[in-house]
Amino acid sequence: GENVEQHPSTLSVQEGDSAVIKCTYSDSASNYFPWYKQELGKGPQLIIDIRSNVGEKKDQRIAVTLNKTAKHFSLHITETQPEDSAVYFCAASVTSGTYKYIFGTGTRLKVLA
Amino acid sequence: SQTIHQWPATLVQPVGSPLSLECTVEGTSNPNLYWYRQAAGRGLQLLFYSIGIDQISSEVPQNLSASRPQDRQFILSSKKLLLSDSGFYLCAWSAFRRGNQPQHFGDGTRLSIL
């Protein structure tokens, strides 16, 4: 079945450094890839998304890249700040009109001041 | 703007008791609705999703059920809770039968079974 692998599971960076989280998906028909940030005790919040007809998308300090050939997509956070500390999830759309997504297992990002 | 509400925020229930978690969406019509469970430190497991009042799909065999009594209301139920039902339950919505659209999550219900 469809699968999304996410790495690393935990990531610690110094404030101001960059953080990169990588995901690999299995369904070659997946064409939509959202990223979510989950703070403690809250639901995941969408932070950026990318569609398959685009290779890269940026929103201030956050960027996502997509390599459809390799079935990889990555989240890049530059100039990290303590408030970026959270759990980040990637997801990939599932085909066949089910309106479902497969989520990665999450990355706990700690930004050290 | 659209909002999603889940309640209660926390719940402690004894084994064998019934369960009812409620989710309501405002500001949109005919949303796709989803129930997820998140175990501690784990990813999101899709339990049920619905693309219409009479269309609810179950993803994982379990002693939970879902109902959609109104267009923007989604309820997660159990007749008898098990210890393994403990977890963080999340409701989400997405735009009506539109692919490539984000899901928007509520703030969840933390369920502890004693």
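The rules behind each value
- Sequence order as written defines the numbering, with residues in each chain counted from 1.
- Naming scheme: in the order in which they are written, chains are lettered from A and ligands are numbered from 1.
- Owing to the predicted nature of the model, reporting of local features is limited to residues with pLDDT of at least 70; listing and counting of side-chain atom pairs is limited to 80 or more, with chain, interface and lining totals taken over all residues.
- With hydrogens and water stripped out, all remaining heavy atoms of the structure feed into the side-chain values.
- To define a nonpolar core, start from buried Ala, Val, Leu, Ile, Met, Phe, Trp, Tyr and Cys residues and group those joined through side-chain atoms within 4.5 Å.
- Relative accessible area decides the class of each residue, using a 1.4 Å probe on protein chains only: under 20% of the type maximum gives buried, over 50% gives exposed, and in between gives partly exposed.
- Working definition: helices are DSSP H or I runs of at least four residues, strands are E runs of at least two. Numbering for both runs from the N terminus.
- The contact rule is simple, with two residues in contact once any of their heavy atoms fall within 4.5 Å.
- What counts as a salt bridge is simple: a side-chain nitrogen of Lys or Arg found within 4 Å of a carboxyl oxygen of Asp or Glu.
- Here a strand pair is declared whenever DSSP counts at least two bridges between the two strands.
- Structural elements are reduced to axes, namely lines fitted to C-alpha atoms, with helices fitted over the stretch in contact, and the angle between N-to-C directions of any two is expressed from 0 to 180 degrees.
- What counts as buried area is the accessible surface, traced by a 1.4 Å probe, that two parts surrender upon association, with contributions from both included.
- We define a polar contact as two N or O atoms separated by no more than 3.5 Å, with the added condition that, inside protein, one atom must be a possible hydrogen donor and the other a possible acceptor, whereas residues neighbouring each other in sequence contribute only through side-chain atom pairs.

Asker: Residues and numbers for the nonpolar core, please.
Answerer: Counting residues in hydrophobic clusters, the biggest one holds 23 residues, and the most contacted among them are W35, F73, L75 and L109 of chain A. Among the elements of the structure, β2 (10-14), β3 (19-25), β4 (32-38), β5 (45-51), β7 (62-67), β8 (72-77), β9 (86-93) and β11 (107-112) of chain A are those that each provide at least two residues to this core. Contacts of F73 of chain A, omitting those with residues within four sequence positions, involve I21, K22, C23, Y25, F33, W35, T65, L66, C90 and A91 of chain A. With 19 residues, the next largest nonpolar core counts C23, V25, L33 and F74 of chain B among its residues.

Asker: Account for the pattern of salt bridges, with residues named and values stated.
Answerer: Oppositely charged side chains can pair when the atoms bearing their charge come close. According to the stated counting rule, one finds 7 salt bridges over all chains in the structure shown. For E39 of chain A, the salt bridge goes to K37 of chain A, with nearest N and O atoms at 3.6 Å. Here E39 of chain A falls in the partly exposed class, since its relative accessible area comes to 41%. With a relative accessible area of 17%, K37 of chain A lands in the buried category. R68 of chain B is the partner of D71 of chain B in a salt bridge, and the nearest nitrogen-oxygen pair spans 3.4 Å. Classification of D71 of chain B as partly exposed rests on a relative accessible area of 21%.

Asker: Explain the sheet that holds β7 of chain A to me, using residue names and the numbers behind them.
Answerer: All names here are of chain A. The sheet built from 5 strands is open, its strands ordered β1-β3-β8-β7-β6 with antiparallel pairing. Among the strands making up the open sheet, the edge pair consists of β1 (4-7) and β6 (56-59). Taken over all neighbouring pairs, the strand axes of this sheet differ in orientation by 15° on average, direction set aside. Two elements, β6 and β7, share 4 bridges in a ladder whose sense is antiparallel. Pairing of K58 across the sheet is with A63, part of β7.

Asker: Go over the pairing of β5 of chain A with me, naming the residues and quoting the values.
Answerer: Residues and elements named next belong to chain A. Taken together, the 6 bridges between β4 and β5 define a ladder with antiparallel strand orientation. Bridging from a neighbouring strand, Y32 pairs with R51 of β5. Here β4 folds back onto β5 in antiparallel fashion, the turn holding 6 residues, of which G41 has a positive phi close to 75°.

Asker: Any details on the interface of chain A and chain B? Residues and values, ideally.
Answerer: Listed per partner, the contact involves 21 residues of chain A and 23 residues of chain B. Summing both sides of the interface, chain A and chain B together bury roughly 1,800 Å²; the carbon and sulfur share of this comes to 53%. For K42 of chain A, the salt bridge identified is with D107 of chain B, shortest N-O distance 3.9 Å. Here chain A and chain B share 6 residue pairs in polar contact (both at pLDDT 80 or more) between them. Secondary-structure elements contributing two or more residues to the side of chain A that touches chain B are β4, β5, β9 and β10 (101-103) of chain A.

Purely spatial values, then, with no claim about function.
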